[in-house]
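# Close look at the chain arrangement
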Amino acid sequence: MKATKSPLPALAALGLLAATAAGAGPADARPPNFIVIFCDDLGYGDLGCYGSTKNRTPHIDALAGRGIRFTDFYSSSPVCTPSRASLMTGCYPRRVGMHEDATGHWVLIPRSRRGLDPAEVTLPEALKARGYATACIGKWHLGDQPGHLPTRHGFDHYYGIPYPNDMQSGRRGDPPLPLVEGERVVEAPADQSTLTKRYTQQAVEFIVGNRAAPFFLYLPHTFPHLPLFASPDFHGGSANGRYGDSVEEIDWSTGQIFSCLEEHGLSENTLVIFTSDNGSNGRNGGSNAPLSGGKGSTMEGGMRVPMIACWPGRIAAGSTCRELATTMDLLPTFCRLAGAPLPGRKIDGHDIAPLLFGEAGAKSPHEALYYYRRRQLQAVRQGDWKYHLELERTYPSWSSVEKTGKGRPGKLVNLRDDPAEEADLSGANPEVLERMRELAARAAAELGDGAARGAGQREAKTLPASAPMVLAE
Ligand code: MG
């Protein structure tokens, strides 16, 4: 390599390189807006543009028609809290200590003392360095205690439920499901039938109110997580029961948001991402077809999710990307497009702008993908190969297959030919198997596995005490 000093690092430091590389010129100095529509438990096969014949999703399909559809996009976890911690930090859940609750639950429950360490730099915090207005509208699930709420993690505005809509256990002493505005409970129990409609109204108001400034809107829908609700306009309207009703209302909502962008001349300066926090549990109408497994599992159906990115004029209409990408990549990608500095600590996501923009020869920036379930490393993907580790015991889960927590043999599958992960090819591919085992050992050393800590793990923040969120008097 030549020793000539390149001017590029200086430009990068100023954020200019990022803007130029994204296709933005000097006349287009304003950074783009970002919208992330994040469904809860929407499966890989639940949208028309991903093969569903049950749910009608014309607006989401139109978004895909105007943008790019990813076939191999992953959430970093098969359950809610870890998945959301990843999206917010660009890290594997274990790296930021959010892979399970301190009391042994998979996800945070009401009054959990655990939440993201304030020292982590979240996606909205990173964008605020470039003057972004930020809002979180919907289900948070990264802590309901003051100190863990969205308003303490970079969001100017919050409106939604702080944890899942099924967490109203009287036995556990849960309060009625709170609907929160800012840090105050404004309704309890929340009227779930109108949540999607109210989120949409709030989202549109936020877009219109911030049309002059760059903004980041995070819209984590409450549905199609169980129990299922839809407003009277959608209730009973689908051919797929209450599940289809809730998905079709989310489709309507997506259409409203895109229309609002068009109406205000914002669509060509806004990157819209539509995806899900984990797969469907496969019951009650949801589908991960043609994948196997579901929510809570490290089979593809648990973690591979639909992902659509739309940015008219920048992303080629009707395109498809088959490269591996993840929700962890949104933080570094948005930072690059906004010209914002990356968090000054190790993250696991990568810039996927070359994939979004269809740059010639663009490849996945991930050497490998690691599938953790709760604290256990269970699988590794590299290229088309996926290795399911042999396990002495698996952690009990709600999926019937592994309810006993018994061990299982290992398996090497090729996802390109066998998306259902049926055929074990380990016997014929000893070199691949060895490489995968090396990758797994590397992940365990860096991120930890089971009770063993990794060298690169950080801690979540655990508060000394907690109280339920209740309606203000
Ligand atoms: Mg979920």
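Residues numbered from 1 in each chain as written. Predicted model: local features only at pLDDT ≥ 70, side-chain atom pairs only at ≥ 80, totals over all residues. Heavy atoms only, no water.

## Things to note about helix 7 (residues 241-263)
It helps to recall that an α-helix has 3.6 residues per turn; residues three or four apart then point in one direction. Across its 23 residues, helix 7 extends 33 Å between first and last C-alpha, which sits within 8% of the 33 Å expected from 1.5 Å per residue. One or two steps after helix 7, the chain reaches Gly 265, where phi turns positive at roughly 65°. (Helix = DSSP H or I, 4+ residues; strand = E, 2+ residues; numbered from the N terminus. Expected span 1.5 Å × (residues − 1).)

## A word on the coordination of the magnesium ion
Protein coordination at the magnesium ion comes from Asp 40 (OD), Asp 41 (OD), Cys 80 (SG), Asp 277 (OD), Asp 277 (OD) and Asn 278 (OD1), with a distance range of 2.1 to 2.7 Å. Taken together, the 6 donor atoms coordinating the magnesium ion and their angles of 52 to 159° define a geometry best described as irregular. Here the donor residues for the magnesium ion map to a single chain with the spacing D-D-x38-C-x196-D-N. With Asp 41 in the loop between strand 1 (33-39) and helix 3 (58-66) and Asn 278 in the loop between strand 9 (270-276) and helix 8 (300-303), this pair connects stretches of sequence that are 237 residues apart. Note on Asn 278: relative accessible area 0%, which makes it buried. (Donors = N, O, S within 2.8 Å, 3.2 Å for Na, K, Ca; no water. Tetrahedral: all angles 85-135°; square planar, octahedral: opposite > 155°, others 65-115°. Buried < 20%, exposed > 50% of the residue type's maximum accessible area, 1.4 Å probe, protein only.)

## Things to note about the domain arrangement of the protein
Partitioning the protein into domains gives domain 1 (31-356) and domain 2 (375-447). Of note, the centres of domain 1 and domain 2, computed from C-alpha atoms alone, are 27 Å apart. Contacts between domain 1 and domain 2 engage 22 residues on the former and 15 residues on the latter. Counting each side, the surface lost to burial between domain 1 and domain 2 is near 1700 Å², with a carbon and sulfur contribution of 48%. On the domain 1 side of the contact with domain 2, Arg 94, Trp 106 and Thr 298 bury the most area, a combined 27% of that side's loss. For the pair domain 1 and domain 2, the number of links is 4 salt bridges. (Domains from an automatic or database assignment. Contact = heavy atoms within 4.5 Å. Buried area = accessible area lost by both parts, 1.4 Å probe. Salt bridge = Lys/Arg side-chain N within 4 Å of Asp/Glu carboxyl O.)

## What to know about the packing of aromatic side chains
By the definition in use, this model includes 16 aromatic pairs. Ring plane angle 70° and centroid distance 5.3 Å describe the contact between Tyr 44 and Tyr 50, whose orientation is recorded as edge-to-face. Each member of the pair Tyr 44 and Tyr 50 is classed as buried. Centre to centre, the rings of Tyr 159 and Tyr 199 are 6.4 Å apart; their planes meet at 90°, and the pair counts as edge-to-face. Here the residue Tyr 159 occupies a position in strand 5 (residues 157-160), and Tyr 199 occupies one in helix 6 (residues 195-209), the gap between them amounting to 40 residues. By the burial criterion, Tyr 159 is buried, and Tyr 199 matches it. (Phe/Tyr/Trp six-rings, centres within 6.5 Å; stacked < 30°, edge-to-face > 60°.)

## Focus: the pairing of strand 7 (residues 184-187)
As paired elements, strand 6 (residues 179-181) and strand 7 share 3 bridges and run antiparallel to each other. Paired with Leu 179 across the two strands is Glu 187, which belongs to strand 7. Taking the residues that link successive antiparallel strands as the turn, the strand 6-strand 7 hairpin has 2 residues, and the phi of Gly 182 there is positive, at about 65°. (Pairing = 2+ DSSP bridges.)

## A few points about the nonpolar core
One finds Phe 34, Phe 70, Phe 216, Tyr 218, Leu 271 and Phe 334 to be the most contacted residues of the largest nonpolar core, which totals 52 residues. In terms of residue count, the dominant contributor to this core is helix 9 (residues 330-338) (6 residues). Leu 271 has contacts with Asn 33, Phe 34, Ile 35, Ala 309, Cys 310, Trp 311, Ile 315, Phe 334, Leu 337 and Leu 356, leaving out every residue within four places of it along the chain. Val 107, Ile 161, Tyr 243 and Phe 274 belong to the second largest nonpolar core, which has 48 residues in total. (Core = buried A, V, L, I, M, F, W, Y, C linked by side-chain atoms within 4.5 Å.)

## Overview of helix 9
Across the 9 residues of helix 9, 9 count as buried, placing the element largely inside the fold. Taken residue by residue, helix 9 has Leu 330, Leu 331, Pro 332, Thr 333, Phe 334, Cys 335, Arg 336, Leu 337 and Ala 338 as its buried positions. Following helix 9 by one or two positions, Gly 339 adopts a phi angle in the positive range, close to 70°.

## Things to note about empty space enclosed by the protein
Here the structure, examined in full by the defined rule, presents 2 cavities of 30 Å³ or more. One number sums up the size of the largest cavity: a volume of about 50 Å³. Lining of the largest cavity is provided by Asp 41, Pro 224, His 225, Leu 226, Tyr 243, Ser 280, Asn 281, Arg 283 and Asn 284. Considering only residue class, the lining of the largest cavity consists of 3 nonpolar, 4 polar and 2 charged. Ser 76, Ser 77, Pro 82, Pro 93, Arg 94, His 99, Tyr 372, Arg 373 and Arg 374 are the residues that line the second largest cavity. The residue makeup of the lining of the second largest cavity, split by class, is 3 nonpolar, 3 polar and 3 charged. (1 Å grid on protein atoms, 1.4 Å probe; cavity = no way out; pocket = protein on both sides within 12 Å on 5 of 7 lines; lining within 4 Å. Points joined across faces, edges and corners; volume = space filled by probe spheres on them. Nonpolar A, V, L, I, M, F, W, Y, C, P; charged D, E, K, R; others polar.)

## Some thoughts on the side chain of Asn 165
Within the secondary structure, Asn 165 sits in the loop between strand 5 and strand 6. On the accessibility criterion, Asn 165 (0% relative accessible area) is buried. There is a polar contact of 2.9 Å between the side chain of Asn 165 and the side chain of Gln 192. A polar atom in the side chain of Asn 165 sits 2.9 Å from the side chain of His 225. In this structure, Asn 165 is in contact with Leu 177, Gln 192, Thr 222, Phe 223, His 225, Leu 226 and Pro 227, ignoring residues within four places of it in sequence. (Polar contact = N/O pair within 3.5 Å; in protein donor to acceptor, adjacent residues only side chain to side chain.)

## Side note on the sheet that holds strand 14 (residues 376-382)
Strand order across the open sheet formed by 4 strands is 13-14-15-18, with antiparallel pairing between neighbours. The two strands at the open ends of the sheet, each matched to only one other strand, are strand 13 (369-373) and strand 18 (411-414). Each strand of the sheet is rotated relative to its neighbour by a mean of 20°, with strand direction disregarded. Summarising the sheet, strand 15 (residues 385-388) and strand 18 pair through 4 bridges and their orientation is antiparallel. (Axes fitted to C-alpha atoms, helices over the stretch in contact; angles between N-to-C directions.)

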